[in-house]
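Architecture and fold: a report
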Amino acid sequence: MSDTNTAMTEEQKAALVRSTRRLDLRRILGGLFVLYGVIVTIVGIVHWNTDPEKTGGIHINLWVGLSMLVGGLLFFLWDRLNPVPAEDIIGQADAEEHQKAAGEGRDLA
């Protein structure tokens, strides 16, 4: 086998960082919480009179839906204010490449 230089170009590094940040778990969970929060809030508004009868006077769907919306927005805010550092993403990709090369008997040094 021939040793090939598998160093990433700047464009590849930028694409890797973008794709990794796009699939950040905080974005996925935030999106799900916002989606379900909207649905539950709408149900709470539509069934305004029936909720308190079943829950002891509390509009539970409305409060839970609004709480889910706030939680989802907090996930988005967290992702926006504290993104995964690009150095960590690139370093992890390099480490995985070195581990893969070591398993195949190649030396990337």
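Residues numbered from 1 in each chain as written. Predicted model: local features only at pLDDT ≥ 70, side-chain atom pairs only at ≥ 80, totals over all residues. Heavy atoms only, no water.

Here the focus is the side chain of D51. When you line up the elements, D51 lands in helix 3 (residues 50–55). Comment: no salt bridge for buried D51; closest opposite-charge side chain is K54, at 6.0 Å. Beyond its immediate sequence surroundings of up to four residues, D51 is in contact with G44, I58, H59, I60 and N61. (Helix = DSSP H or I, 4+ residues; strand = E, 2+ residues; numbered from the N terminus. Buried < 20%, exposed > 50% of the residue type's maximum accessible area, 1.4 Å probe, protein only. Lys, Arg positive; Asp, Glu negative; His and termini not counted. Salt bridge = Lys/Arg side-chain N within 4 Å of Asp/Glu carboxyl O. Contact = heavy atoms within 4.5 Å.)

Mapped onto the secondary structure, L77 falls in helix 4 (residues 60–81). In sequence terms L77 and R26 are 51 residues apart; their C-alpha atoms lie 9.3 Å from each other.

Right, let's get into the pattern of salt bridges. In this structure the tally under the stated criterion is three salt bridges. As a salt-bridge pair, D24 and R26 come within 2.7 Å of each other at their nearest N and O atoms. This pair shows no difference in class: D24 is buried, exactly as R26 is. For D79, the salt bridge identified is with R27, shortest N-O distance 2.6 Å. With D79 in helix 4 and R27 in helix 2 (residues 25–46), this pair connects stretches of sequence that are 52 residues apart. Assessed through its relative accessible area of 8%, D79 is described here as buried. Taking relative accessible area as the criterion, R27 reaches 37% and is therefore assigned partly exposed. Several salt bridges share partner residues, and in doing so they unite D24, R26, R27 and D79 into one network.

Next up on the list: the packing of aromatic side chains. For the coordinates displayed, the defined rule picks out two aromatic pairs. Between F33 and F75 the ring centres are 5.8 Å apart and the planes differ by 20°, which places this aromatic pair in the stacked class. In this pair, F33 sits in helix 2 while F75 sits in helix 4, placing the two residues 42 residues apart along the sequence. Classification of F75 as partly exposed rests on a relative accessible area of 22%. With 6.1 Å between their ring centres and 35° between their planes, F75 and W78 make a pair best called tilted. Note that F75 and W78 are positioned in helix 4 at a spacing of three residues, about one turn of the helix. (Phe/Tyr/Trp six-rings, centres within 6.5 Å; stacked < 30°, edge-to-face > 60°.)

Our focus in this paragraph is a nonpolar patch on the surface. There is a patch of nonpolar side chains on the surface, built from L25, I28, L29, L32, F33, L35, Y36, I39 and V43 and spanning about 760 Å² of accessible area. Note on F33: relative accessible area 34%, which makes it partly exposed. (Patch = residues over 30% accessible without salt bridge, like charges linked within 9 Å, V, L, I, M, F, W, Y side chains within 5 Å. Areas by Shrake-Rupley, 256 points an atom, 1.4 Å probe, with all protein chains shown as cover.)

Right, let's get into helix 4. Given a rise of 1.5 Å per residue, 22 residues ought to cover 32 Å, and the 31 Å separating the end C-alpha atoms of helix 4 matches this to within 8%. Those residues of helix 4 that sit buried are L62, G65, M68, G72 and D79. Along the axis of helix 4, the buried residues cluster in a sector spanning 135°; they form a single face. Counted as exposed and oriented over 90 degrees from the buried face of helix 4: W63, L74 and L81. Against helix 2 lie the buried residues of helix 4. (Expected span 1.5 Å × (residues − 1). Arc of directions from axis to C-beta.)

None of this, on its own, says anything about what the molecule does.
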